[in-house]
Amino acid sequence: MFYNDVQRIQPPAEYDRVIVAATVALLSLGLVMVYSSSIAIAEASRHTGHQSAYFLLRHATFLTLGLIGAAVVFQVPMHAWQRYAPFLFLFGSVLLILVLVPGIGREVNGSRRWLSLGVVNLQPSELMKLFVVLYAADYTVRKAAYMGNFKKGFAPMLVVMLFVGGLLLRQPDFGAFAVITVIAMGVLFLGGMNWRLFAGLAALLVLGFIALIMTSPYRMQRILGFMDPWADPYGRGYQLSHALIAFGRGEWMGVGLGGSVEKLFYLPEAHTDFLLAVIAEELGFAGVATVIVLFAWIILRAFSIGQQSAMLERLFAALVAQAIGLWLGVQAIINMGVNMGVLPTKGLTLPLMSFGGSAIVANCMAIAILLRIDWENRQLMRGRTV
């Protein structure tokens, strides 16, 4: 009786509070850790004006833009995303082409991945991950009757993804290529692709990745450094060896916020690719476990929302929700694996946490779309139109 009275006073939420809480926690922790891990490099670098809060302010700015973008994206109904998915994918492809044009694309450390927008740089590959989620889901819905047929179901998507993959490898951005490939394959599999066909294509993809590694000297160096970082701790094993030292120093509870030694010019890219190593050193196993639980929370809810959408016969929304969970999950696992020495070094940031403008904005927009799918599900279950 008391429970029913409470239900009348507090109606069911209009949004998924679990996802919101976990996302806010990751964004907040990421903001704090980006500041902690970047103070030394910001004070020492001339282009930052020797300001210790340089990266904190930029990250906070990108985070604000991401939240504004998320608020706008949440207002867009899913049928509109489905209608414009091919055009967004085409737009993303054009941006990837522009990156490779001399004088337009910006090159940093031998990689041409950015477009200069004046005060900020845009990384199209980060937006392309979101566009691939939408396009692959729309494609799978349109080709649902042909998912067991290689020629009609998979071949057209294969051609498109090879084109996008070629553009990414020219930058080069092997990490983004791997994540986008997993997204596309995952959506096709979830959409009903024949499992034998999927297994065969997965095997070919593995062989393709091996060939890409074998034919690229710098990728081979990363593999060799991953296999035994201590064999050349001042060369190819430098990043991984210092990441492992950070994990070792952190032990169970960490050395305390701000107490990391590895971020003091020992661990390269401490505020981007190796943010988790700084978390491990300063907050210990407890901090790393908290991050893992929060990501697992979001991913499980994404697949649950996708399953709910499928039960409501909203196939496009179901595939988008699960693809977002797959994207964030795979990228988080790769980044964590790299930081822990389980996977070869690869330039992928930790979603929702690492410093990086385009990535934070794209991640926030993806979470907003996930919340929109859940919101529409709730309206339909209550008998409302969306």
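None of these values were measured; they are calculated from a predicted model.

Criteria and cut-off values
Residues numbered from 1 in each chain as written. Predicted model: local features only at pLDDT ≥ 70, side-chain atom pairs only at ≥ 80, totals over all residues. Heavy atoms only, no water. Helix = DSSP H or I, 4+ residues; strand = E, 2+ residues; numbered from the N terminus. Buried < 20%, exposed > 50% of the residue type's maximum accessible area, 1.4 Å probe, protein only. Areas by Shrake-Rupley, 256 points an atom, 1.4 Å probe, with all protein chains shown as cover. Salt bridge = Lys/Arg side-chain N within 4 Å of Asp/Glu carboxyl O. pLDDT = per-residue confidence, 0-100. Contact = heavy atoms within 4.5 Å. Phe/Tyr/Trp six-rings, centres within 6.5 Å; stacked < 30°, edge-to-face > 60°. Lys NZ or Arg CZ within 6 Å of the ring centre and 35° of its normal. Core = buried A, V, L, I, M, F, W, Y, C linked by side-chain atoms within 4.5 Å. Pairing = 2+ DSSP bridges. Axes fitted to C-alpha atoms, helices over the stretch in contact; angles between N-to-C directions. Patch = residues over 30% accessible without salt bridge, like charges linked within 9 Å, V, L, I, M, F, W, Y side chains within 5 Å. Parallel < 35°, antiparallel > 145°, perpendicular 65-115°, else oblique. Nonpolar A, V, L, I, M, F, W, Y, C, P; charged D, E, K, R; others polar. Polar contact = N/O pair within 3.5 Å; in protein donor to acceptor, adjacent residues only side chain to side chain.

(A) Spatial organisation of the overall build of the protein chain. Each helix and strand counted, the protein chain has 13 helices and three strands in total. The buried share of the protein chain, taken over its 386 residues, is 48%. Summed over all atoms, the accessible surface of the protein chain reaches about 17900 Å², with 67% contributed by carbon and sulfur.

(B) Main features of the pattern of salt bridges. Going through the model one piece at a time under the given rule, you end up with eight salt bridges. A salt bridge links Arg301 to Asp16; the nearest nitrogen and oxygen atoms lie 2.5 Å apart. Of this pair, Arg301 sits in helix α11 (residues 275-311) while Asp16 sits in the loop between α1 (2-9) and α2 (17-44); the two residues are 285 residues apart in sequence, bridging distant segments of the chain. What makes Arg301 partly exposed here is its relative accessible area of 23%. Using a relative accessible area of 2% as the deciding quantity, one classes Asp16 as buried. The salt bridge partner of Arg314 is Glu376, with a shortest N-O separation of 2.2 Å. Highlighted residues: Arg314 in the loop between α11 and α12 (315-340) and Glu376 in helix α13 (residues 357-381), separated in sequence by 62 residues. Exposure remark for Arg314: the relative accessible area of 13% places this residue in the buried category. We classify Glu376 as buried; its relative accessible area is 3%.

(C) Representation of the confidence of the model for the protein chain in the model. A residue-level look at the protein chain finds 90% of positions with pLDDT of 70 or above and a mean pLDDT of 86. Looking across the protein chain, the model is least confident in α1, with a mean pLDDT of 40, and most confident in α11, with 96. Segment residues 1-11 is flagged for pLDDT under 50; beyond a separation of four residues in sequence, or across chains, it makes zero contacts in the model.

(D) Structural view of the packing of aromatic side chains. What the rule picks out here adds up to ten aromatic pairs. Ring plane angle 70 degrees and centroid distance 6.3 Å describe the contact between Phe74 and Trp375, whose orientation is recorded as edge-to-face. Placement of the pair is Phe74 in helix α3 (residues 54-74) and Trp375 in helix α13, with a sequence separation of 301 residues. Within the aromatic cluster, the residues linked to one another by ring pairs are Tyr54, Phe55, Phe62 and Phe355. The aromatic ring of Phe74 is capped on one face by Arg372, whose charged end is 6.0 Å from the ring centroid.

(E) The nonpolar core, seen in detail. Grouped together as the largest cluster of nonpolar side chains are 102 residues, with contacts concentrated most on Val291, Phe295, Val320, Trp327 and Ile369. Top contributing element to this core by residue count: α12, with 14 residues. Once residues within four sequence positions are removed from consideration, Phe295 is found in contact with Leu26, Ala332, Met336, Leu350, Pro351, Leu352 and Met353.

(F) Representation of the sheet that holds strand β3 (residues 121-122) within the structure. Reading across from one edge, β1-β2-β3 is the order of the three strands in this open sheet, with antiparallel pairing throughout. Sheet topology places β1 (105-108) and β3 at the edges, where each strand pairs with a single neighbour. Pairing geometry for β1 and strand β2 (residues 111-116), over four bridges, is antiparallel. Looking at the pairing, Gly105 lines up with Leu115 of β2. Against the sheet, helix α4 (residues 78-99) touches β1, β2 and β3, its axis set at about 115 degrees to β2.

(G) View of a nonpolar patch on the surface. A surface patch of nonpolar side chains, amounting to about 440 Å² of accessible area, comprises Ile41, Val261, Leu264, Phe265 and Tyr266. Mapped onto the elements of the fold, Leu264 is located in the loop between α10 (238-250) and α11.

(H) Representation of the packing of helix α5 (residues 124-142) against helix α6 (residues 150-170) within the structure. Where α5 contacts α6, the two axes come as close as 12 Å, and the packing angle between them is 175 degrees. For the element pair α5 / α6, the angle class is roughly antiparallel. The residues of α6 that touch α5, namely those facing Ser125, Met128, Val132, Tyr135, Ala136 and Tyr139, are Lys152, Gly153, Phe154, Pro156, Met157, Val160, Met161, Val164 and Leu168. For the contact of α5 with α6, the per-class residue count stands at twelve nonpolar, two polar and one charged.

(I) Here's a closer look at the environment of Gly191. In this fold, Gly191 is placed in the loop between α7 (174-190) and α8 (195-214). Through-space distance from the C-alpha of Gly191 to that of Ala137 is 8.0 Å; in sequence the pair is 54 residues apart. In contact with Gly191, other than residues within four places in its own chain, are Thr140, Met147 and Leu319.

(J) Spotlight on the side chain of Ser241. Among the secondary structure elements, Ser241 is positioned in helix α10. Of note is the side chain of Ser241, whose polar atom sits 2.8 Å from the backbone oxygen of Tyr238.

(K) Layout of the pairing of β2. Pairing of β2 with β3, which is carried by two bridges, proceeds in the antiparallel orientation. Note on β3: the bridge partner recorded for Ser116 is Asn121. Remark: four residues form the turn of the hairpin made by β2 and β3, two consecutive strands paired antiparallel; Gly118 in that turn has positive phi of roughly 95 degrees.

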